[in-house]
Amino acid sequence: MVTDADVPQDSAGLRESAFLKACRREPVPHTPVWFMRQAGRSLPEYLKAREGVAMLEACARPDLIVEITMQPVRRYAVDAAIFFSDIMVPLRAIGVDLDIKPGVGPVIADPIRDRAGAARLRPLEPDDVPYVTEAVRGLVGELGGTPLIGFAGGPFTLASYLIEGGPSKNHDRTKALMYGEPELWAELMERLADITIGFLKVQVAAGASAIQVFDSWVGAVAPEDYRASVLPHTRRIFAEMEPLGVPRIHFGVGTGELLGLMGEAGADVVGVDWRVPLDEAVRRVEPGKALQGNLDPALLFAPWEVVERRARDVLERGRTAEGHVFNLGHGVLPTTNPDMLARLADLVHEASAR
């Protein structure tokens, strides 16, 4: 368990952070709130900053990383910032030929489907991503008492992009390799876990106060296959991060049947998407974990009275957890009105004030 004494930063504000306290299952003055994808495409100032700048270029420019990460912190009463980057950044940094195409997503020039392809994946070194270290340090200085969450992609999700060559609805090639070539699968997952660990360690070493592993598409895997083919690698990621003393969050989409196993993987906080009510998630996740979530992002297009009612319901169900961080059940959708997020953040604080 992460304790207050383990928090590496010397900022008094960080020690009093409601977000970090909730992650550690300690008493909080109010339920903390942040939003996945709060730094990005729903903000007009983000679109302006990104004009003419490709996604992967933006993720490699410390000035842009700092500016984009700070934008939602200036706009919303969020209790944490999320580092602006992309789960493909460490793969690009070690030499994988990929691009993030607007309206499509990550596209891999030479998909990995054999042992020779897997062998091209080397561990990430800090010198591969100096812009990450510079940006995190700059952000820590600007954020003061607001924690910065570092993040990386989970191994199944990274494997899916690498094997499929891009986004996939069914992950059929990925699962075929997992089922049919277990030794190659294990080697690929081990290498991806190493890369994820390296990327997370760079962020924490530079000053990130917490980390989140986005294994976004792991919900495509059945529980027995998750236990055999994914859990060992995810467990190693969280075990490697434990000595660093920062809260560890684990999130995936469509993972209702995997919540218990995701808890077993070793994170301090299990993220829950919108499909499973938080009080039910409490029953599925082992004791000793906080929960994060889980308002449906699409609700933000409904009238405010609907948003308010549903947000209060999330808060009420979240009180059954040992610790609760309010969030959406997935990322902010691109056409979301920023004013709705601002009102929602304020509501969470007001409705949950102890």
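Our structure's up above, just so we're on the same page.
Predicted model only: the values in this text are computed from it and were never measured. (Residues numbered from 1 in each chain as written. Predicted model: local features only at pLDDT ≥ 70, side-chain atom pairs only at ≥ 80, totals over all residues. Heavy atoms only, no water.)

Describe in detail the layout of surface pockets, supporting the description with residues and values.
Which parts of space are left empty comes out when a probe the size of a water molecule is rolled across the atoms. In this model, the largest pocket occupies a volume close to 1200 Å³. Along the walls of the largest pocket sit 38 residues, with R37, R41, M55, D86 and I100 positioned nearest its centre. Sorting the residues of the lining of the largest pocket by element identifies α3 (44-49), β2 (98-101), β3 (105-108) and α9 (155-164) as the ones contributing at least two each. Looking at the lining of the largest pocket, the element that brings in the most residues is β2, giving 3 residues. In the lining of the largest pocket, the residues fall into 24 nonpolar, 8 polar and 6 charged. W274, N294, R310, D313 and V314 are the residues nearest the centre of the second largest pocket, which is lined by 13 residues in total. Within the residue set of the lining of the second largest pocket, elements represented by two or more residues are β8 (290-295) and α16 (304-318). Counted by class, the lining of the second largest pocket contains 7 nonpolar, 1 polar and 5 charged residues. (1 Å grid on protein atoms, 1.4 Å probe; cavity = no way out; pocket = protein on both sides within 12 Å on 5 of 7 lines; lining within 4 Å. Points joined across faces, edges and corners; volume = space filled by probe spheres on them. Helix = DSSP H or I, 4+ residues; strand = E, 2+ residues; numbered from the N terminus. Nonpolar A, V, L, I, M, F, W, Y, C, P; charged D, E, K, R; others polar.)

Describe the packing of aromatic side chains, with residues and values.
For any pair of aromatic rings, the description consists of the separation of the ring centres together with the inter-plane angle of the planes. For the structure shown, the criterion picks out 5 aromatic pairs. With centroids separated by 6.2 Å and ring planes inclined at 80°, the aromatic side chains of F214 and F251 adopt a geometry described as edge-to-face. Remark: F251 occurs in strand β6 (residues 248-251) and F214 occurs in strand β5 (residues 210-214); sequence separation between them is 37 residues. Among the aromatic residues, those joined into a cluster by ring pairs are F151, F214 and F251. (Phe/Tyr/Trp six-rings, centres within 6.5 Å; stacked < 30°, edge-to-face > 60°.)

Describe in detail the nonpolar core, supporting the description with residues and values.
F19, Y226 and L344 are the most contacted members of the largest nonpolar core, which totals 128 residues. Counting residues per element, this core draws most heavily on helix α11 (residues 182-206), at 13 residues. Apart from the residues within four sequence positions on either side, L344 is in contact with F35, L295, L300, W304, V307, A311, F326 and L328. (Core = buried A, V, L, I, M, F, W, Y, C linked by side-chain atoms within 4.5 Å. Buried < 20%, exposed > 50% of the residue type's maximum accessible area, 1.4 Å probe, protein only. Contact = heavy atoms within 4.5 Å.)

Quick rundown of the pairing of β5? Include the residues and the values.
In terms of residue burial, β5 counts as a mostly covered element, since 5 of its 5 residues are buried. Because side chains alternate across β5, one face comprises the buried residues A210, Q212 and F214, and the other comprises I211 and V213, equally buried. In the sheet, strand β4 (residues 148-153) pairs with β5 via 5 bridges, with the strands oriented parallel. Among the inter-strand pairings, A152 is bridged to a residue of β5, identified as V213. (Pairing = 2+ DSSP bridges.)

Before we move on, could you go through the packing of helix α8 (residues 130-143) against α11 and cite the residues and values that matter?
α11 packs onto α8 with a crossing angle of 35° between their chain directions and a minimal axis gap of 8 Å. The hand of the α8/α11 crossing is right-handed. Contacts from V132, T133, V136, R137 and V140 of α8 reach α11 at F199, V202, Q203 and A206. (Axes fitted to C-alpha atoms, helices over the stretch in contact; angles between N-to-C directions. Left-handed = near helix turned anticlockwise from the far one by under 90°.)

Summarise the sheet that holds strand β1 (residues 81-82); cite the residues concerned and give the values.
A sheet is described by the order of its strands in space; here 7 strands give the open sequence β1-β4-β5-β6-β7-β8-β9, paired in parallel fashion. The sheet is open, and its two edges are formed by β1 and β9 (324-328), each paired on a single side. When β1 meets β4, the two strands line up parallel, connected through 2 bridges. For A81, the partnering residue across the bridge sits in β4 and is L148.

Account for the pattern of salt bridges, with residues named and values stated.
This structure, assessed with the given rule, holds 23 salt bridges. When the shortest N-O distance is used, the salt bridge between E322 and R25 registers 2.8 Å. Note that E322 is positioned in the loop between α16 and β9 and R25 in the loop between α2 (18-23) and α3, a separation of 297 residues in sequence. E322 gets classed as partly exposed once you look at its relative accessible area, which sits at 42%. Between E308 and R312 there is a salt bridge whose closest N-O contact spans 3.1 Å. You can see E308 and its partner R312 sitting in helix α16, 4 residues apart, about one turn around the helix. Residue E308 is classed as partly exposed on the basis of its relative accessible area, which comes to 24%. In this structure, a network of salt bridges that share partners links the residues K21, R24 and E26. (Salt bridge = Lys/Arg side-chain N within 4 Å of Asp/Glu carboxyl O.)

Tell me about the packing of α16 against helix α17 (residues 338-352), and name the residues and values.
At a minimum axis distance of 10 Å, the contact between α16 and α17 shows a crossing angle of 40°. In terms of their interaxial angle, α16 and α17 are classed as oblique. Relative to α17, the crossing made by α16 is right-handed. Contacts between α16 and α17 involve W304, V307, E308, A311, R312 and L315 on the former and, on the latter, M340, R343, L344, L347, V348, A351 and S352. In terms of residue class, the contact of α16 with α17 is built from 9 nonpolar, 1 polar and 3 charged. (Parallel < 35°, antiparallel > 145°, perpendicular 65-115°, else oblique.)

In short, geometric facts, not functional conclusions.
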